[in-house]
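A structural walkthrough
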Amino acid sequence: GGGFFSPDSVRRRVSMPTANGDSKMEVEKVAEQLEVSLTKQQLQAVADEGKYNLVPIFAEMVADVDTPVTVYLKLRNCKGPKFLFESVAGGENIARYSFIGVRPYKVMRFGPENQLDPLRVIEKELKDINLMPNQKVPDFTGGAVGYVGYDCVRFFEPSVKVPKEKALDIPDCIFSLYSTVVCIDRVNHTMKIIYNVPLYRLHDFKQAGAQSTGRGVTVDSLYEEALAEISRVHTMLDGPIPKPPPRQKATNSAQKMSEMKSNVGKEGYESFVETLKKHIKCGDIIQAVPSQRLMCPLSD
């Protein structure tokens, strides 16, 4: 469990091997520079044993001046959806860990045109994964992160009627699958760049057989991919916060508020309240939360 490291030993830039150099020597050098938690030989031993097919490895950095927000801002230029999770203990106190996920390897969207139970699809996607336990990292190191909208209730409780026409052009459900997660530890004032090595790709490649083209998937190639990803994130975290794009001139907020429109209007909302009060008196429900959607035009 996590001691402290001097800034000189961990806050340095590293470079991944190029095609022109001695690749094996360069990979070992990068792994040593990053102080990666697992060597290539150890990863090969896990692959040979065959018990686990997803292996989290990590590099650790000092986080005495970084916050979850600054880390997120440093990584915001990564492609694809990102997330920031804050853990809370007892509903009031901020707990030990914060998580920032970047560069998902797959994004799954579900909507009216896709009549598939999203949770069944995600379950199928993850069912063959066997994560190797590691006491040096939190229980959460990646996986499926997203949201399930109310309209997905039709898959869980078919008796609930959902309007066929959608008011907003947004998916009912989105889940992104993450291999790369940065974990901030408030106790040790460190952050771990965690990458989950997909050893299951070795099996997938063998199944593809002669139909596969290009470079084969090996433990060596998966280890190099892991180091490359950890190195990229390490470099971004070691640098400054990128400047945000220039802001447009602020508009009159009072004018914008006056342009707010409800999707049901005052009378519609009040009718919701009256109807719910009747159901409460009849004993049908004990509580409910009426809602409305407020909309106003915004500039790009």
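How each quantity is defined
- Residues numbered from 1 in each chain as written.
- Predicted model: local features only at pLDDT ≥ 70, side-chain atom pairs only at ≥ 80, totals over all residues.
- Heavy atoms only, no water.
- Phe/Tyr/Trp six-rings, centres within 6.5 Å; stacked < 30°, edge-to-face > 60°.
- Helix = DSSP H or I, 4+ residues; strand = E, 2+ residues; numbered from the N terminus.
- Buried < 20%, exposed > 50% of the residue type's maximum accessible area, 1.4 Å probe, protein only.
- Lys NZ or Arg CZ within 6 Å of the ring centre and 35° of its normal.
- Pairing = 2+ DSSP bridges.
- Axes fitted to C-alpha atoms, helices over the stretch in contact; angles between N-to-C directions.
- Contact = heavy atoms within 4.5 Å.
- Polar contact = N/O pair within 3.5 Å; in protein donor to acceptor, adjacent residues only side chain to side chain.
- Salt bridge = Lys/Arg side-chain N within 4 Å of Asp/Glu carboxyl O.

1. With respect to the packing of aromatic side chains
- Inspection of every chain in the model, using the stated rule, returns six aromatic pairs.
- Centre to centre, the rings of Phe83 and Tyr178 are 4.9 Å apart; their planes meet at 85°, and the pair counts as edge-to-face. Here Phe83 is found in strand S2 (residues 83-89), whereas its partner Tyr178 is found in strand S6 (residues 173-178), with 95 residues between them in sequence.
- By relative accessible area, which is 7% here, Phe83 ends up buried.
- Centre to centre, the rings of Phe85 and Phe140 are 6.1 Å apart; their planes meet at 45°, and the pair counts as tilted. One end of the pair, Phe85, is in strand S2; the other, Phe140, is in the loop between helix H5 (118-126) and strand S5 (143-148), with 55 residues separating them in the sequence.
- Taken together, the ring pairs in this structure connect Phe83, Phe85, Tyr97, Phe99, Phe140 and Tyr178 into an aromatic cluster.
- Between Lys192 and the ring centre of Phe58, over which it is positioned, the NZ or CZ distance is 5.4 Å.

2. With respect to the sheet that holds S5
- With antiparallel pairing, three strands are arranged side by side in an open sheet as S4-S6-S5. Among the strands making up the open sheet, the edge pair consists of strand S4 (106-110) and S5. Each adjacent strand pair in this sheet contributes to an overall mean axis angle of 15°, direction not counted.
- Here S4 pairs with S6 via five bridges, running antiparallel. Looking across to S6, one finds that Arg109 is bridged to Ile174.
- Relative to S4, H5 is tilted by about 160°, and along the sheet it contacts S4, S5 and S6.

3. Things to note about the side chain of Asp66
- Relative to the helices and strands, Asp66 is located in the loop between strand S1 (54-62) and helix H4 (68-74).
- The class of Asp66 is buried, set by a relative accessible area of 11%.
- Engagement of the side chain of Asp66 in a polar contact is seen with the side chain of Lys74, the distance being 3.1 Å.

4. Quick word on the environment of Asp151
- By the element assignment, Asp151 lies in the loop between S5 and helix H6 (153-156).
- Residue Asp151 is classed as partly exposed on the basis of its relative accessible area of 21%.

5. Examining the pattern of salt bridges
- A full pass over the atoms with the stated rule returns 13 salt bridges.
- One salt bridge connects Glu60 with Lys192, and the closest N-O pair in it is separated by 3.2 Å. Separated by 132 residues along the polypeptide, Glu60 in strand S1 and Lys192 in strand S8 (residues 190-198) bring together distant segments of the chain. The pair Glu60 / Lys192 is uniform in exposure class, with both members buried.

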